[in-house]
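One letter stands for each residue in the lines below.
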Number of protein chains: 2
Amino acid sequence: MPINLRIPGPVPLPQEVREALAQDMIDHRGPEFASLFGEVTEGLKYVFQTKHDVLILTASGTGGLEAAIVNLLSPGEKALVVINGFFGERWFEIARAFGVEAIPLRFPWGLGAEPEDVRKALIKAGDCKALLITHNETSTGITNDLEAITKAAYSIENPPLILVDAVSSLGAIDLRPDEWGCDVVVTASQKALMAPPGLSIISVSPRAWEAYEKAKLPRFYWDFRKAKEYALRNQTPFTPALSVLFGLRKSLKLIREEGLAVVFDRHRAVAEFTRQGVKSLGLSLFPDEKWASNTVTAVRIPPAFRTDEIIERLREGYGIVIAGGQGALKGKIIRIAHIGRVTAEEMAQVIAALKELLPCSRS
Amino acid sequence: MPINLRIPGPVPLPQEVREALAQDMIDHRGPEFASLFGEVTEGLKYVFQTKHDVLILTASGTGGLEAAIVNLLSPGEKALVVINGFFGERWFEIARAFGVEAIPLRFPWGLGAEPEDVRKALIKAGDCKALLITHNETSTGITNDLEAITKAAYSIENPPLILVDAVSSLGAIDLRPDEWGCDVVVTASQKALMAPPGLSIISVSPRAWEAYEKAKLPRFYWDFRKAKEYALRNQTPFTPALSVLFGLRKSLKLIREEGLAVVFDRHRAVAEFTRQGVKSLGLSLFPDEKWASNTVTAVRIPPAFRTDEIIERLREGYGIVIAGGQGALKGKIIRIAHIGRVTAEEMAQVIAALKELLPCSRS
């Protein structure tokens, strides 16, 4: 049975990427690596739409978030954390774990953050060193309006550093670090970048580098400066996840060939197709549709059905792998992801299977 | 030209491992992953020769070393660091970066650490919370006598925690965490484990877990408890480097089929073959042969030759990739690694090429 992997990352790998993964090891201090690293970095800057530095760390996306905190902040400094889902909560937890005075700004799960509320909260908190925000919340299936939020943040005196968790958006949903003033944007290799997990990728603005100079949290493995110094000679300070780089070189090439604008449009179209399909079954979206994400669709499941059963039946009977709810949403929603090279046909298969499994869902 | 990759990691991948890498992604929260994770963990315990917990983090080996520090120590606590090479210095730097009072115990590069000196230094320093040691120093081509050193450390009152960097030894050179009382043993996927880089693997003793409870350094991504809690249900807290796990499952199977004792013997034999070959050219080993490593051979290069030229000519003319010296040894030595499934024929090729390149080396 062919597998239709529809979780919000890792995403199915294009055949060309899989083939690249099978390449044998090379010297990570040699000329072949330098050319690989240079090519990947250039491709990443294209997808990041940035002229900022782009650093590559061997870690999951969460490692990249931790790296952002320990490189730019000091214990006791204030950070406003926009929270409207599981990953906003994670930003908050990481900041707190390192002694940052994290101030939560919570919005109901399923809604996007209101820029004006962010502005007010920044002013009320006073002297916030950073604003931590999740661009796309896979836990609730929403995308925050990052452009409007950054604008609101920059409208105050002494605007905070803007640190963005873009793990599930970058390369699928428009994000412009330079234009919008995002100081750090963190993503990972296994989502829209269509490579296996293992690398976290981080853009760092000049303003972030200034903050780096003053930040006092201890760091070694995550050290941005070390990463930048090595990147200047197309190396990494520590042995990187080479196979993932092999895959990433190929997937970045695919993205470039398709063109970023086309990739964004494709994600928008397949997301819209999915939402229409879900609604055609009489099911409702979990989030307010105004904020609905183009990478993952969260669907309310009527209390008459068990989400774990739906998930298991889709997997066992159809080879369709989707995700359930996290935290408070466990048992209440299912999440169907459409990140990467996904087609309307693949989404139609999911809708058709759901239709068979939930015959009464219209009732 | 076929490549003979003879750097001390990443090492060439067995064909079966490369094939496993090309597998498509799976749900890291699903049943297929649970079975993968369980199988890999069991295989790792075999290679680690341990009943301690074995944790898997997505990071390079250095990430694993940092994890050991931040999980077990507190700022201001003393740690004695055995340093007789580049990686001993790295242990020292990591400990210092996190505010540990790191006390260096340096031995000349090329020699192993003297257990009696370690014992005396521990007593002199007094109240050392930890002893940090590098089992095998690829920078100088020596293996420390870890068994004797742990014995010396345990002979004092209130013996320290023993934290071992075994990145370039574990799975190639005998190491018995339980028998010798190594509280944390850190390795990485790309050395004797014959998978691509991307995973750091760490054994944690009951004594280390006690220390964890009291350790005050901040941690999130590296948190051992989180890793253990997830491992109990065959998951990881954060999306792991899946492809590397696919490869590791296969390579661990190969090691198990061959048998660990045979693998150790094979490394010993191929190392001995390499040392004899080097000496037959009139070249001398960098380290005192008493301490010579079975995973990497460091060779003094007479001042008449340029190491960077030798390295480049081997690569360009023979497809042989070796490493130069690090730090103070740059330009003075070359390093030829023999980790993993390496054959005497492959080492003979290196010796033969060196013979052609260094015609006067006997003079």
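All values reported here derive from a predicted model rather than from experimental measurement.

Enquirer: Which residues make up the overall build of chain A, and what values do they have?
Expert: Scanning chain A for helices and strands turns up 13 helices and 14 strands. The C-alpha radius of gyration computed for chain A amounts to 20 Å, which stays within 12% of the reference 21 Å derived for 363 residues, consistent with globular compactness. Considering chain A as a whole, with its 363 residues, one finds that 64% of them fall into the buried category. Taking as baseline every contact in chain A between residues at least 6 positions apart, the subset at least 24 positions apart corresponds to 72%.

Enquirer: Break down the domain arrangement of chain A for me, with residues and values.
Expert: Residues and elements named next belong to chain A. When the domains of chain A are assigned, the result is domain 1 (4-10 + 259-357) and domain 2 (15-256). Placing the centre of domain 1 and that of domain 2 at their C-alpha centroids yields a distance of 26 Å. With 25 residues of domain 1 at the contact, the number on the domain 2 side is 33 residues. Taken over both partners, the interface formed by domain 1 and domain 2 buries close to 2,300 Å², and the fraction arising from carbon and sulfur atoms is 63%. In this structure, the connection of domain 1 to domain 2 is made through zero salt bridges.

Enquirer: Which residues make up the side chain of D165(A), and what values go with them?
Expert: Residue and element names in this part refer to chain A. Tracing the backbone through its elements, the reader meets D165 in strand β8 (residues 161-165). No salt bridge is formed by the buried D165; its nearest oppositely charged neighbour, R90, is found at 7.3 Å. Here the side chain of D165 touches V167 through a polar contact of 2.9 Å, landing on its backbone nitrogen. Setting aside residues no more than four positions away along its own chain, D165 makes contact with L65, F87, W91, I133, T134, H135, N136 and V186.

Enquirer: If you had to explain the packing of helix α3 (residues 61-72) of chain A against helix α4 (residues 86-97) of chain A to someone new, which residues and values would you point to?
Expert: Residue and element names in this part refer to chain A. Contact geometry for α3 and α4: axes closest at 10 Å, N-to-C directions at 45 degrees. Taken together, α3 and α4 sit at an angle that is classed as oblique. Between α3 and α4 lies a crossing of right-handed hand. Taken together, the residues of α4 that come into contact with α3 (itself represented by T62, L65, E66, A68 and I69) are R90, W91, I94 and A95. Here the contact of α3 with α4 is built from residues that sort into six nonpolar, one polar and two charged.

Enquirer: I'd love a proper account of unusual backbone geometry, names of residues and values included.
Expert: Residue and element names in this part refer to chain A. P10 follows G9 through a cis peptide bond whose omega is 0 degrees. You can see P10 is positioned in the loop between β1 (4-5) and α1 (15-21). One non-glycine residue, M194, lies in the positive phi region at around 60 degrees. Exposure remark for M194: the relative accessible area of 3% places this residue in the buried category.

Enquirer: With reference to specific residues and values, describe the packing of helix α2 (residues 31-48) of chain A against helix α10 (residues 242-258) of chain A.
Expert: Residue and element names in this part refer to chain A. Remark: α2 packs on α10, axes separated minimally by 9 Å, with the N-to-C direction vectors making an angle of 45 degrees. If you check the angle between α2 and α10, you find them oblique. In this structure, α2 crosses over α10, and the sense of that crossing is left-handed. Between α2 and α10, the contacting residues are F33, L36, E39, V40, E42, G43, L44, Y46 and V47 on the first element and L242, L245, F246, L248, R249, L252, I255 and R256 on the second. When the residues that make up the contact of α2 with α10 are grouped by side-chain class, the tally is twelve nonpolar, one polar and four charged.

Enquirer: For the relation of the copies chain A and chain B, give the residues involved together with the corresponding values.
Expert: With an RMSD of 0.0 Å, the fit of chain A onto chain B corresponds to turning through 180 degrees and sliding 0.0 Å along the axis. Within this description, the copies of the chain are treated as partners about a two-fold rotation axis. In this assembly, 100% of the residues forming the interface of chain A have copies in chain B that are likewise at the interface, indicating an isologous arrangement.

Enquirer: So what about the pattern of salt bridges? Which residues, and what values?
Expert: Following the criterion strictly, the structure yields 32 salt bridges over all chains and no others. The closest approach of N and O atoms between R268(A) and D265(A), which form a salt bridge, is 2.5 Å. Of this pair, R268(A) and D265(A) both sit in helix α11 (residues 260-280), separated by three residues, roughly a single helical turn. Judged by relative accessible area, which is 41%, D265(A) ranks as partly exposed. Put simply, E289(B) and R275(B) hold a salt bridge, and the shortest N to O gap is 4.0 Å. One end of the pair, E289(B), is in the loop between α11 (260-280) and β11 (296-300); the other, R275(B), is in helix α11, with 14 residues separating them in the sequence. Where salt bridges share partners, they join E272(A), R275(A), K279(A) and E289(A) into one cluster.

Parameters at a glance
- Each residue is numbered by its place in its chain's sequence as written, counting from 1.
- Starting at A for chains and at 1 for ligands, labels are handed out in the order in which the entities are written.
- Where totals are concerned, whole chains, interfaces and linings use all residues; where local detail is concerned, this predicted model gives features only for residues with pLDDT of at least 70, and gives and counts side-chain atom pairs only at 80 or more.
- Hydrogens and water are ignored here; the side-chain numbers use all heavy atoms of the structure.
- Helical segments are the DSSP runs of H or I of at least four residues, strand segments are the runs of E of at least two, and each set is numbered from the N terminus.
- Both definitions apply: the radius of gyration is a C-alpha atom measure, and the globule rule equals 2.2 Å times residues to the power 0.38.
- For each residue, the accessible area found with a 1.4 Å probe, counting protein chains only, is set against the maximum for its type, and the residue is called buried under 20%, exposed over 50%, and partly exposed in between.
- Any pair of residues with heavy atoms lying within 4.5 Å of one another is described as a contacting pair.
- Segmentation of the chain into domains, including their bounds, is taken from an automatic or database domain assignment.
- Summed over both partners, the accessible surface that disappears when two parts come together, traced with a 1.4 Å probe, is what is meant by buried area.
- Any Lys or Arg side-chain nitrogen located within 4 Å of an Asp or Glu carboxyl oxygen qualifies as a salt bridge.
- In this tally, Asp and Glu contribute negative charge and Lys and Arg positive charge; neither His nor the terminal groups of the chain are included.
- Polar contact criterion, stated in full: a pair of N or O atoms within 3.5 Å, where within protein one must be able to donate a hydrogen and the other to accept it, and residues adjacent in sequence count only if both atoms are side-chain atoms.
- What counts as an axis is a line fitted to C-alpha atoms, over the stretch in contact for a helix, and the angles between N-to-C directions run from 0 to 180 degrees.
- The cut-offs work like this: below 35 degrees is roughly parallel, past 145 is roughly antiparallel, 65 to 115 is roughly perpendicular, and the gaps in between are oblique.
- We call a crossing left-handed when the near helix sits turned anticlockwise from the far one by less than a right angle, and right-handed when that turn is clockwise.
- Put simply, Ala, Val, Leu, Ile, Met, Phe, Trp, Tyr, Cys and Pro go in the nonpolar bin, Asp, Glu, Lys and Arg in the charged bin, and everything else, Gly too, in the polar bin.
- Alignment of the copies relies on least squares applied to C-alpha atoms, considering only residues that score at least 70 for pLDDT in both.

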